[in-house]
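Spelled out from the first residue to the last, the chains are:
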Amino acid sequence: MLSVIVGRTGPFAGQSVVLGDAPLTFGRKSDNDVIIVSVSASRLHAEIVTEDAAYVLHDRDSRNGTYVNDKRVTRHELTPGDTIRIGDETFLFETQEAMETVMDLSQMALPRADAAMDPGVLRVTVTGGGPVGLAFALLLEEALPGRVSVTVYDGRWVRSGTTVVWKDETHGNVRRQQVVTVQSRQYLALTEEMRSALFGDGQFSEMWPLGPDSVNGQPPRNIRIAYIEDRLLELANGKSAIRLVPKRFDPAESEHLIARDHVLVICEGGRSRTREHFADRFGAADASIYSLNGEHLQDVVLGLRVKSPLSDPMSVLLTVTQNRFLLNSLRGEGFLNMRLTREEARNVIGIDPVRQVFEECIAARPCVMSRHEDNEFVCPTHGTLFLPALLRSSALWKRIQEGLRLFGVAEDDLSAITSFRLDMVQRPRFTAQLTRPTADRPGTYGFLLGDAANAIHFWPGRGLNSGLASAVSLARSLSSVWQGRPLRDADFIRHEAAMSMLQYRHKSRAWNAMVATDERGVTRAIKDIIDRSMDSTAGPAAAGVAGSAAGVAGGSEAPGSAGADLEILLDRMRAIRDRLAARLPGLPDDEELRAHLSTLAPATLRTLQESGAWDTLIVGGEEADIDIFYQQNAPVFVPATPRATDQLPDPRTPALLDPA
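Residues numbered from 1 in each chain as written. Predicted model: local features only at pLDDT ≥ 70, side-chain atom pairs only at ≥ 80, totals over all residues. Heavy atoms only, no water.

If you check an unreviewed UniProt entry, the chain appears there as FHA domain-containing protein from Streptomyces bingchenggensis.

What follows is the structure, encoded as structure tokens:
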């Protein structure tokens, strides 16, 4: 017989511990096997030990006593069904046949306490109502019509009459106006209703060329993220199965709600409080794989809201030729992202004009600072000003102007500034059982989606795509396995595999947007390569690299000169243009490129040249295809059974059998 302790009330509710030969301790101290958070519990409160093939509960001189079946005990030999109370928490002692799975120990066909709740309805809570959370809710609502109830929480919403809408600046919420690139593999997986709502005339552009990741000849689409949020929220408002709660989800205060539901989907973003609340269930994240020389790499990026007059083909070519600036826009309007060096990141500072003190407002929140008069960029939430813009002679402001000139942006067309801090960790799992089934609870599974699962560097432009793919995968898994019974780990094998594939593909791609390896095999952070290009002490080394490349290009300029840097960039652009020409019409010719680059300062040319081109061999290529895990009629390979008159086949050769 297998004996277990099952939590009945308190933080341990629904969880179970299998008893063995070793003692099982209870108490407030962190080294106990079962930690009791109640203030009425002692540091070492009680202990279960084996005595003569039985399990015996001992009170260890606790301050407030140990109770079994509401009677205070100092020593008690446990029998199945005993209820143990320590502080404010209760536990059940049970036995089951050893062959039964641990997951079912606390349930095993016990009747539901809440008979009024329809057992056929899948109850789901979603934390975070951004594009990923809303897309998941809408996908699941369509996949399980009449059989699902979804509640979505987001503190960035407010109720307006009978509907829920996004807060605006009057509520202290600055909407995200960044432009994102959605790959065809992802938008084609959305429902027809969602595609119609998102991709109306004039609401997207097809800026990037077709590639290996384009499905059915459909190109990637650029679309403003605030527009995605608005349209998906509008759709969700019209679904009776989706309840929208304009409130930030608090996992500590909502434990009873979590235990009531079958599913908790965590979509709050890279700094999710709910994920951290359940960190012990999802396992510790590993930062070492994205570290260099023992340092966990992080990039700080300025987001400059701009309007560029350049054509889309020119913007694409300028973007992929170097790693300092990235323009993602919708018909020229979008964000020019600037990768910062370590020193520049320290200068991303706001200043409180009243108290005359420095604030990390823009660097820590992040906040969006909008342009006002006299070149002031003001945070509407905190009232701070962007200090580098006030110090027009500062090095950082001059380098911001370099990026504007690269994409032909007039300084008056820079309308807002924000910042991003980006790093990555490897997550061991994306699915976890949060509570086990009990007599009155269904057992709750938790899932990480979007940036809560796979926050990646946006330089390759796959963050939203990864999030949408994860939402599609989970919606497919849940809709295919939901039968009104408690969920199991085995139900999510396909989803967990899809999430691992997404993590590998997108994070390996993103890592190559953070580091570069030179011809000697030395790997450096790209931000440090940029910093070195601006350091006068690196002149000889930089000149050697530039001179070597210029020699290959046949240039006659002196190594390390502005002319040599220009020729290297032009040669790089020609090579990229030749690869893109068949898929992206309208690319600029040599004369147009030379005229444009010649307007840039020598220091800018040097930085662009040294930063290197995008590693398109790694960054490009096929998207992770989660469809392979969800094909209903995938062919099965089995050995052919020959007839007696047939020649025996080679046993190494399988025959293809269609299961239909």
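There is more to say after this.
A. Quick peek at the sheet that holds strand β31 (residues 431-435). Ordered by their spatial adjacency, 6 strands build an open sheet running β18-β13-β12-β19-β32-β31, and the pairing between neighbours is mixed. The open sheet has two edge strands, β18 (242-245) and β31, and neither has a second partner. When the angles between neighbouring strand axes are averaged without regard to direction, this sheet yields 20 degrees. With 4 bridges joining them, β31 and strand β32 (residues 444-448) adopt antiparallel strand pairing. Paired with T435 across the two strands is T444, which belongs to β32. (Pairing = 2+ DSSP bridges. Helix = DSSP H or I, 4+ residues; strand = E, 2+ residues; numbered from the N terminus. Axes fitted to C-alpha atoms, helices over the stretch in contact; angles between N-to-C directions.)

B. Fine view of the pairing of strand β12 (residues 122-127). Within β12, 6 of the 6 residues are buried, leaving the element largely enclosed by the surrounding structure. Pairing analysis gives 6 bridges linking β12 to strand β13 (residues 148-153), with the strands arranged parallel. Paired with R123 across the two strands is S149, which belongs to β13. You can see the chain leave β12, run along helix α1 (residues 131-143) and come back into β13, and the turn it takes is right-handed. Inspection of the sheet shows β12 paired to strand β19 (residues 263-266) by 4 bridges, in the parallel sense. Each bridged residue has a counterpart across the sheet, and for T125 the counterpart in β19 is L264. (Buried < 20%, exposed > 50% of the residue type's maximum accessible area, 1.4 Å probe, protein only. Right-handed = clockwise from strand over helix to strand, strands pointing away.)

C. A look at the side chain of T151. By the element assignment, T151 lies in strand β13. The class for T151 is buried, based on a relative accessible area of 6%. The contact partners of T151, leaving out residues within four places of it in the chain, are V124, T125, V126, R243 and V245. (Contact = heavy atoms within 4.5 Å.)

D. View of empty space enclosed by the protein. If you walk through the whole model with that rule in mind, you get 3 cavities of 30 Å³ or more. What lines the largest cavity is simply P131, V182, Y187, L190, M194, L198, F199, I228, L232, L464 and L468. Those elements that place two or more of their residues in the lining of the largest cavity are α3 (192-198), α4 (225-237) and α14 (463-481). Residue composition of the lining of the largest cavity, by class: 11 nonpolar, no polar and no charged. (1 Å grid on protein atoms, 1.4 Å probe; cavity = no way out; pocket = protein on both sides within 12 Å on 5 of 7 lines; lining within 4 Å. Points joined across faces, edges and corners; volume = space filled by probe spheres on them. Nonpolar A, V, L, I, M, F, W, Y, C, P; charged D, E, K, R; others polar.)

E. Quick look at the packing of aromatic side chains. As enumerated under the stated definition, the model contains 12 aromatic pairs in all. Geometrically, the ring pair formed by F447 and F492 is edge-to-face, given 4.8 Å between the ring centres and 75 degrees between the ring planes. With F447 in strand β32 and F492 in the loop between α14 and α15 (493-511), this pair connects stretches of sequence that are 45 residues apart. F492 shares its class with F447; the two are buried. By way of ring pairs, the aromatic residues Y187, F199 and F204 are connected into one cluster. Of note, R85 hangs over the ring of Y67, and the distance from its end group to the ring centre comes to 4.2 Å. (Phe/Tyr/Trp six-rings, centres within 6.5 Å; stacked < 30°, edge-to-face > 60°. Lys NZ or Arg CZ within 6 Å of the ring centre and 35° of its normal.)

F. Fine view of the environment of G211. Mapped onto the elements of the fold, G211 is located in the loop between α3 and β17 (221-224). Spatially, the C-alpha atom of G211 lies 9.9 Å from that of Q183, the residues being 28 residues apart in sequence.

G. Quick peek at the sheet that holds strand β9 (residues 75-77). In spatial order, the strands read β4-β3-β5-β6-β9; together these 5 strands make up an open sheet with mixed pairing. What marks the edges here is a single partner per strand, and that holds for β4 (34-35) and β9. Summarising the sheet, strand β3 (residues 24-27) and strand β5 (residues 46-51) pair through 3 bridges and their orientation is antiparallel. Along β5, the bridge assignment pairs F26 with A46.

H. Summary view of the packing of α14 against α15. Contact geometry for α14 and α15: axes closest at 9 Å, N-to-C directions at 170 degrees. Compared by their axis directions, α14 and α15 come out roughly antiparallel. Here S466, A469, S470, S473, L474 and S477 of α14 come into contact with α15, specifically with H495, A498, M499, L502 and H506. The residue makeup of the contact of α14 with α15, split by class, is 5 nonpolar, 6 polar and no charged. (Parallel < 35°, antiparallel > 145°, perpendicular 65-115°, else oblique.)

I. Quick peek at helix α8 (residues 312-320). Summarising burial for α8: 8 of the 9 residues are buried, a large majority. Where α8 is concerned, the buried positions are P313, M314, S315, V316, L317, L318, T319 and V320.

J. Structural view of the nonpolar core. With 74 residues, the main nonpolar core has V124, F136 and V265 as its most contacted residues. Excluding its chain neighbours within four sequence positions, the residues that come into contact with F136 are V124, V126, V265, L449, A471, L474, A475 and L478. Core analysis: the next-biggest nonpolar cluster, separate from the first, contains 55 residues, F377, L396, L414 and L608 among them. (Core = buried A, V, L, I, M, F, W, Y, C linked by side-chain atoms within 4.5 Å.)

K. View of the pairing of strand β22 (residues 299-307). Where burial is concerned, most of β22 is hidden: 7 out of the 9 residues are buried. As judged from the 8 bridges shared by β22 and strand β30 (residues 414-422), these two strands associate in the antiparallel manner. Counterpart to R305 in the pairing with β30 is A416. Bridge count for β22 against strand β24 (residues 333-339) is 7 bridges, and the pairing is antiparallel. Paired with V306 across the strands is G334, a residue of β24.

L. Structural view of the packing of α1 against α14. It is the contact of α1 with α14, at a shortest axis distance of 9 Å, that shows an interaxial angle of 25 degrees. The angle between α1 and α14 places the two elements in the roughly parallel class. Considering only the axes of α1 and α14, their crossing is right-handed. Of α14, the residues touching α1 (which contributes P131, V132, A135, F136, L139, L140 and A143) are L464, G467, L468, S470, A471, V472, L474, A475, L478 and S479. The class makeup of the residues in the contact of α1 with α14 is 14 nonpolar, 3 polar and no charged. (Left-handed = near helix turned anticlockwise from the far one by under 90°.)

M. Focus on α14. Taking 1.5 Å as the rise per residue, α14 with 19 residues should run 27 Å; its terminal C-alpha atoms sit 28 Å apart, in good agreement. α14 sits mainly inside the fold: 15 of its 19 residues count as buried. (Expected span 1.5 Å × (residues − 1).)

N. Representation of the pattern of salt bridges in the model. Taken as a whole, this structure holds 31 salt bridges when the rule is applied. Of the charged contacts, one joins E234 and R231 as a salt bridge, the two residues approaching to 3.6 Å between their closest N and O atoms. One end of the pair is E234 and the other is R231, both in helix α4 and 3 residues apart, which spans about a single turn. With a relative accessible area of 23%, R231 lands in the partly exposed category. (Salt bridge = Lys/Arg side-chain N within 4 Å of Asp/Glu carboxyl O.)

O. Representation of unusual backbone geometry within the structure. Of note, the phi angle at A53 is positive, near 65 degrees, even though the residue is not glycine. Note that A53 resides in the loop between β5 and β6 (54-59). Even without being glycine, N69 reaches a positive phi, approximately 50 degrees. Mapped onto the elements, N69 comes out in the loop between β7 (66-68) and β8 (71-73).

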